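Read off the chains here:
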Amino acid sequence: MAEITAGLVKELREKTDAPMMECKKALSEANGDLAKAEEILRVKLGNKATKAATRVTAEGVVGIHIAADGKLGAILEVNCETDFVAKNDDFLSLVNNSVELVANKAPADVAALSALPFSDGTVESTRAALVGKIGENMSLRRFVRTEAQGKLYSYIHGGAKIGVLLDLVGGDEQLGKDISMHIAAFKPKALDASGVAQTLIDSERRIAIEKAKESGKPEAMLEKIAEGSVQKFLKEVTLLGQVFVKAEDGKETIEQLLKKKGASIASFTLYVVGEGIEKKVSDFAAEVAAQAAAAQK
C-alpha cells in the first residue's frame, strides 16, 4: 500500500477542488496513483472534479506576429512572476520582438530562439538584462511558427492571457475572426477526434462505465453507454464538433459553418498563459512571522 502523504492529497485537491477527505479516500483507493485518483473523483463528483484544470497558474502574455500577406506567422508564450511585470513596456517589447524573430528566422526551439542576435546582444542576453533591471524572473516558454495553407488569423483575449493563431483555407475575414474568437472561448483540445489523445478517450470510457455501474445499469448496456459518453466528449473537445459560439439556432457546429462558407481549417494553435504550470502561493502572514522569528534569533 502506497503512503498517502499530505503533499499528495494537497496536489490532488489543487487539481480537482474536491474536499480534502474525498481526495484522501480516492488516493487510498488508487494506491497513490494521482491520475487514477482523479478519475475516481470524477466518477463520484462529476465535472466539478476537473474545474481547476483550466486555471491560469503563472503570469505572462501570449504574443502573436502575422506577416502582412497573412501567409506566415508565429505565436509565443513568455512567462513572468507577476501580472504587474506582464504589463511592463520593456517586457512586452521583448515578447513582441521575440515572436517576430520566430516568424522570420524559424528557430528550431526555445534555445535556438534565445541564441538569435537581438539589439546589442542576443535574445537571451536581453532577457537576462531585463531580469536584472526589473528584479523578476521571466522565461520564453513555447512557440509555434506557421506557414499558412490558407490565410492566418488571430485573436488575443484577457490582457493577452489567451492567444489563438488560426490557418483558415477559404472563407473571409469575418469568418477567420469569428472562429479565432470561438477557439479562445471554448478551448478545443484538437481539430477533430484524430487529434485527441487516446489516454483522454480511454479515461472518459472508464469513467462512463463506472458511473453506469454505480447507477445500476445492466452489464449488457455498459459499452453502449460508454460509447455514447465518449462521442459526447469528443463533440465537446474538438473544434469541428463544437457548436459555434455565434450560432443563431444554438445548434450549428463549426464543421457545418465551414461547409456553408466553403472553407476549411488547416490548423490552429491555442495558448493559455501558465497552462500546466504550478503557481507558487505564498502565505504573507507566515512569511512575516518567519522573518520576525529569524530576526529575534
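Here the structure is a predicted model, which is why all the values come from computation and not from measurement.

Undergrad: Give me the packing of aromatic side chains: which residues, what numbers.
TA: Aromatic rings considered in pairs are described by the distance between their centres and by the relative angle of their planes. Inspection of the entire model under this criterion finds zero aromatic pairs. The ring of Tyr-271 has Arg-142 sitting right over it, with the charged end atom 4.1 Å from the ring centre.

Undergrad: Please provide a residue-by-residue account of the side chain of Thr-269, values included.
TA: Within the secondary structure, Thr-269 is located in strand S8 (residues 264-272). Once residues within four sequence positions are removed from consideration, Thr-269 is found in contact with Ile-75, Val-144, Gly-163, Val-164 and Leu-165.

Undergrad: Go over the packing of helix H1 (residues 6-16) against helix H2 (residues 20-29), please, and point to the residues and values.
TA: Contact geometry for H1 and H2: axes closest at 9 Å, N-to-C directions at 115°. Our classification of the angle between H1 and H2 gives roughly perpendicular. The two elements H1 and H2 meet at a crossing, and its hand is right-handed. Taking contact as the criterion, the partners of Leu-8, Val-9, Leu-12, Arg-13 and Thr-16 in H1 are, on H2, Met-20, Cys-23, Lys-24, Ala-26 and Leu-27. When grouped by side-chain class, the residues that make up the contact of H1 with H2 number seven nonpolar, one polar and two charged.

Undergrad: Hey, could you go over helix H7 (residues 123-134) for me, with residue numbers and the actual values?
TA: Across its twelve residues, H7 extends 16 Å between first and last C-alpha, which sits within 8% of the 16 Å expected from 1.5 Å per residue. Turning to H7, its buried residues number three or more, namely Val-123, Arg-127 and Leu-130. For H7, the arc enclosing every buried residue in end-on projection is 65°, short of the 170-degree limit, so these residues lie on one face. Residues of H7 that are exposed and point more than 90 degrees away from the buried face comprise Gly-132 and Lys-133. The elements touched by buried residues of H7 are helix H5 (89-105), helix H6 (110-114), strand S3 (117-118), strand S4 (121-122) and strand S5 (138-147).

Conventions adopted
- Residues numbered from 1 in each chain as written.
- Predicted model: local features only at pLDDT ≥ 70, side-chain atom pairs only at ≥ 80, totals over all residues.
- Heavy atoms only, no water.
- Phe/Tyr/Trp six-rings, centres within 6.5 Å; stacked < 30°, edge-to-face > 60°.
- Lys NZ or Arg CZ within 6 Å of the ring centre and 35° of its normal.
- Helix = DSSP H or I, 4+ residues; strand = E, 2+ residues; numbered from the N terminus.
- Contact = heavy atoms within 4.5 Å.
- Axes fitted to C-alpha atoms, helices over the stretch in contact; angles between N-to-C directions.
- Parallel < 35°, antiparallel > 145°, perpendicular 65-115°, else oblique.
- Left-handed = near helix turned anticlockwise from the far one by under 90°.
- Nonpolar A, V, L, I, M, F, W, Y, C, P; charged D, E, K, R; others polar.
- Expected span 1.5 Å × (residues − 1).
- Buried < 20%, exposed > 50% of the residue type's maximum accessible area, 1.4 Å probe, protein only.
- Arc of directions from axis to C-beta.

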